[in-house]
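The primary structure of each chain is shown beneath.
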Amino acid sequence: MTAFQWWALQDFWDKAPYAVMALDPQDGLPRRFVPGEGLVDWPSLSMYVFNGEPGAHPITEDVAIQMMNKGVGKIDPSFVAAARGKAPTLQPPAGVDADPQR
């Protein structure tokens, strides 16, 4: 299993993160956790890490798992279809509920 680098994506004016991002060091692609799908290739997220988005910050895998299990990352399916890249969707780490919205 790949050791992802984890990020919380949060607007600097908001109290809570809106998404969890995993950066895969093997392929360098940013992936957003989408409940019910997994870690979806999301090319536009690279700007949050590489351009220093003020609300994005690194987190540990344990914190990422907690956030994913709380449903952080819930998003309209039509937006996912528009933002998805071409790389395969990966499974989240062990301990993540596949669909915390249930």
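Note that the structure is predicted; figures quoted are calculated from it, not measured.

Cut-offs and rules
Residues numbered from 1 in each chain as written. Predicted model: local features only at pLDDT ≥ 70, side-chain atom pairs only at ≥ 80, totals over all residues. Heavy atoms only, no water. Phe/Tyr/Trp six-rings, centres within 6.5 Å; stacked < 30°, edge-to-face > 60°. Helix = DSSP H or I, 4+ residues; strand = E, 2+ residues; numbered from the N terminus. Buried < 20%, exposed > 50% of the residue type's maximum accessible area, 1.4 Å probe, protein only. Lys NZ or Arg CZ within 6 Å of the ring centre and 35° of its normal. Salt bridge = Lys/Arg side-chain N within 4 Å of Asp/Glu carboxyl O. Pairing = 2+ DSSP bridges. Axes fitted to C-alpha atoms, helices over the stretch in contact; angles between N-to-C directions. Lys, Arg positive; Asp, Glu negative; His and termini not counted. Contact = heavy atoms within 4.5 Å.

Caption draft 1: Broad picture of the packing of aromatic side chains. All told, the structure shown has 2 aromatic pairs when counted by the stated rule. Plain terms: the ring middles of F4 and W6 are 5.5 Å apart, the flat faces sit at 65° to each other, and that makes the pair edge-to-face. Summarising the aromatic geometry, the rings of W42 and F79 are spaced 6.0 Å apart at their centres and angled 50° between planes, so their arrangement reads as tilted. With a gap of 37 residues between them, W42 in the loop between β4 (38–41) and α1 (46–50) and F79 in helix α3 (residues 77–83) connect regions that are remote in the sequence. In this structure W42 comes out as buried when scored by relative accessible area, which is 2%. Positioned over the ring face of W42 is R32, at 5.1 Å from the centre of the ring.

Caption draft 2: Spotlight on the pattern of salt bridges. By the definition in use, this model includes 3 salt bridges. The residue D24 makes a salt bridge to R31 at a minimum N-O spacing of 3.7 Å. The pair D24 / R31 is uniform in exposure class, with both members buried. The salt bridge involving E37 is made with R84; its shortest N-O contact spans 2.5 Å. Within this pair, whereas E37 is found in the loop between β3 (30–34) and β4, its partner R84 is found in the segment after α3, the two being separated by 47 residues in sequence. Overlapping salt bridges bring together D24, D27 and R31 as one network.

Caption draft 3: Focus on the sheet that holds β3. The strand order across the open sheet formed by 5 strands is β4-β3-β2-β1-β5, and the pairing between neighbours is antiparallel. On the outer flanks of this sheet lie β4 and β5 (57–59), each paired with one strand and no other. The sheet shows a mean angle of 40° between the axes of neighbouring strands, taken without regard to direction. Bridge analysis of strand β1 (residues 5–9) against β5 gives 3 bridges, and the strand direction is antiparallel. Across the sheet, residue A8 finds its bridge partner in β5, namely H57.

Caption draft 4: Region of the structure containing the side chain of R32. Here R32 is to be found in strand β3. For the buried R32, which has no salt bridge, the nearest side chain bearing the opposite charge is D11, at an N-O separation of 9.7 Å. Filtering out sequence-adjacent residues up to four positions away, R32 remains in contact with Y18, A19, V20, G38, L39, V40, W42, L45, G73, K74 and I75.

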